[in-house]
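Here is how the chains run, residue by residue.
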Amino acid sequence: FNNKGGFYSGTQHIVLSVPEAGYTIRYTLDGSDPVSSSSVYGSEIVLSKTTVVKARAFAAGMVPGNIAAQTYFINEHKFTIPIVSLSMNDEFLWDNTIGIYTDGTNGITGNCQSVPKNWNQDWERFCHIEYYSADGTQLFNTGAGAKIAGACSRGNANKSFGISFRDEYGADNVRYPLFQSKQADRFTSIMLRNSGNDCNRTMMHDAFMQSLLIGEMDVDYQAYTPSAVYLNGEYWGVLNTREKINEGYLNTNYGLDEDSVDMLERNMEVIAGSASDYSAIVNFINTKDISQAANYQYIKDRIDIGEYINYQIAQIYSSNTDWPGNNIKYWKPVREGGKWRWILFDLDFGFGLYGSSASHNTLTFALETNGPGWPNPPWSTLLFRKLITNEEFRTQFIDRFTVYISSIYDPGRVGRILDSLKQN
């Protein structure tokens, strides 16, 4: 390409070339991948509107070359947030049999849907993703895998994408510091999130509650930046670029490989590694008196108590009623002395999104001995219920919550952070 993708005014003349003679360049302008029947490139491509140009070299008796893609945003509105261009074959999105974005005729039930939907399937499709700064500078451009993500929010018109970087698609990671709140600059996957249950409201509900904690408490959280997204050259709206909470999160934030971690969700469902260590903790607290110092020491040797208290305070203060029986992930490094930690994500129900008020007693909610199957069944409150019987833990929890209420959660500070996010 004579010019990289980016923001341009007026008609653009795109010139394509290959370094050696004897190749035929074929291209597309609709986001689809060039094949042997695609248009043959001549002297130039003239563009008068926003377009994804994809090109590929072909030669007789040879495997087609890699696909190159560039998006030219022509006479577009200027943004103050980063821009993402996603492009893929049209049938990967809309075909009734294989399309991931459509209701289709080949779906499954679940995620609040009693009628089968294609977008409920765990299908991954090849795509290209280009990421631009707000001033239009291209920051990375690579092939990737895209799948629809989320739970009940998949039913929203604007859906979330999970993006995975693999060798088979292009690069197995992208190298760029996507989030101002973290130094991390290597990602094997990201989310383009529709803000979940907040999709039709503020588009920053969960991100706001997590942003309150940055630099203030030791807790694993999901970084955030809003992005303007284009799909096959069409403006698709705002989605939130987020870290994806999987093994890649631990690699990005802690440098840990998949085979060196235990990562669980909900009631000891395995994401990576094994549940045996955590299962042993559960068996211990079910049979021992945790109010006794020796038994509490056993727990302290296996759980990062300070991080766990921070996690509980963040959930309780936020009044998250889609937890603790849901939206819970926890992990530990598989090594001597490795301790369990919890990851904050999907606080969408917090701050009264669905009717719960500031007076909702989320502390009692998190200590319920016989809550309903959703959202706080007995297994999900067990650890906290047992730990709170120990005077050392209880004192640390109360003291820390008291300090946070007048510092991290000071109403003036909370308001200022909310206003700052609104400006984006």
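Quick caveat, the model's predicted, so the values are computed rather than measured.

## Overview of the state of the cysteines
Line of reasoning, step 1. A full pass over the atoms with the stated rule returns 1 disulfide.
Line of reasoning, step 2. Sulfur-sulfur distance for the disulfide between Cys112 and Cys152 comes to 1.7 Å. The sign of the S-S torsion, about 60°, decides the handedness of the disulfide formed by Cys112 and Cys152: right-handed. With Cys112 in the loop between β9 (108-110) and β10 (113-117) and Cys152 in the loop between β12 (138-149) and β13 (160-164), this pair connects stretches of sequence that are 40 residues apart.
Line of reasoning, step 3. By relative accessible area, Cys112 is classed as exposed at 59%.

## Points about empty space enclosed by the protein
Line of reasoning, step 1. In this structure the tally under the stated criterion is 1 cavity of 30 Å³ or more.
Line of reasoning, step 2. The wall of the largest cavity is formed by Phe187, Thr188, Ser189, Glu243, Lys244, Asn246, Gly248, Tyr249, Thr252 and Asn253.
Line of reasoning, step 3. Examining the composition of the lining of the largest cavity, we find that 4 residues originate from one element, helix α3 (residues 247-254), more than from any other.
Line of reasoning, step 4. Of the residues assigned to the lining of the largest cavity, the class counts are 2 nonpolar, 6 polar and 2 charged.

## A short note on the packing of aromatic side chains
Line of reasoning, step 1. This structure, assessed with the given rule, holds 37 aromatic pairs.
Line of reasoning, step 2. Ring plane angle 65° and centroid distance 6.0 Å describe the contact between Tyr317 and Phe351, whose orientation is recorded as edge-to-face. Separated by 34 residues along the polypeptide, Tyr317 in helix α6 (residues 305-318) and Phe351 in the loop between β22 (341-343) and α7 (362-366) bring together distant segments of the chain.
Line of reasoning, step 3. Taking relative accessible area as the criterion, Tyr317 reaches 25% and is therefore assigned partly exposed.
Line of reasoning, step 4. In this structure Phe351 comes out as partly exposed when scored by relative accessible area, which is 35%.
Line of reasoning, step 5. Ring centres of Phe384 and Phe393 lie 6.3 Å apart, and the angle between their planes is 75°; this geometry places the pair in the edge-to-face category.
Line of reasoning, step 6. Under the relative-accessibility criterion, Phe384 is labelled buried at 1%.
Line of reasoning, step 7. Site record: aromatic cluster; members linked through ring pairs are Tyr278, Tyr308, Tyr330, Trp340, Trp342, Phe384, Phe393, Phe397 and Phe401.
Line of reasoning, step 8. The positively charged end of Lys159 is found above the aromatic ring belonging to Tyr101, 5.7 Å away from the centroid.

## What to know about the layout of surface pockets
Line of reasoning, step 1. Taken as a whole, the largest pocket encloses approximately 1,100 Å³ of empty space.
Line of reasoning, step 2. Around the largest pocket sit 35 residues that line it, and Ala149, Gly150, Ala151, Arg154 and Lys329 are the ones nearest its centre.
Line of reasoning, step 3. Taken together, the residues that form the lining of the largest pocket break down as 12 nonpolar, 11 polar and 12 charged.
Line of reasoning, step 4. In this structure, the second largest pocket encloses a volume near 560 Å³.
Line of reasoning, step 5. Gln180, Tyr224, Thr225, Pro226 and Asn424 are the residues nearest the centre of the second largest pocket, which is lined by 27 residues in total.
Line of reasoning, step 6. The set of elements that each furnish at least two residues to the lining of the second largest pocket consists of β11 (125-132), α2 (205-211), β17 (224-231) and α10 (411-422).

The rules we used
- Residues numbered from 1 in each chain as written.
- Predicted model: local features only at pLDDT ≥ 70, side-chain atom pairs only at ≥ 80, totals over all residues.
- Heavy atoms only, no water.
- Disulfide = S-S within 2.5 Å.
- Helix = DSSP H or I, 4+ residues; strand = E, 2+ residues; numbered from the N terminus.
- Buried < 20%, exposed > 50% of the residue type's maximum accessible area, 1.4 Å probe, protein only.
- 1 Å grid on protein atoms, 1.4 Å probe; cavity = no way out; pocket = protein on both sides within 12 Å on 5 of 7 lines; lining within 4 Å.
- Points joined across faces, edges and corners; volume = space filled by probe spheres on them.
- Nonpolar A, V, L, I, M, F, W, Y, C, P; charged D, E, K, R; others polar.
- Phe/Tyr/Trp six-rings, centres within 6.5 Å; stacked < 30°, edge-to-face > 60°.
- Lys NZ or Arg CZ within 6 Å of the ring centre and 35° of its normal.

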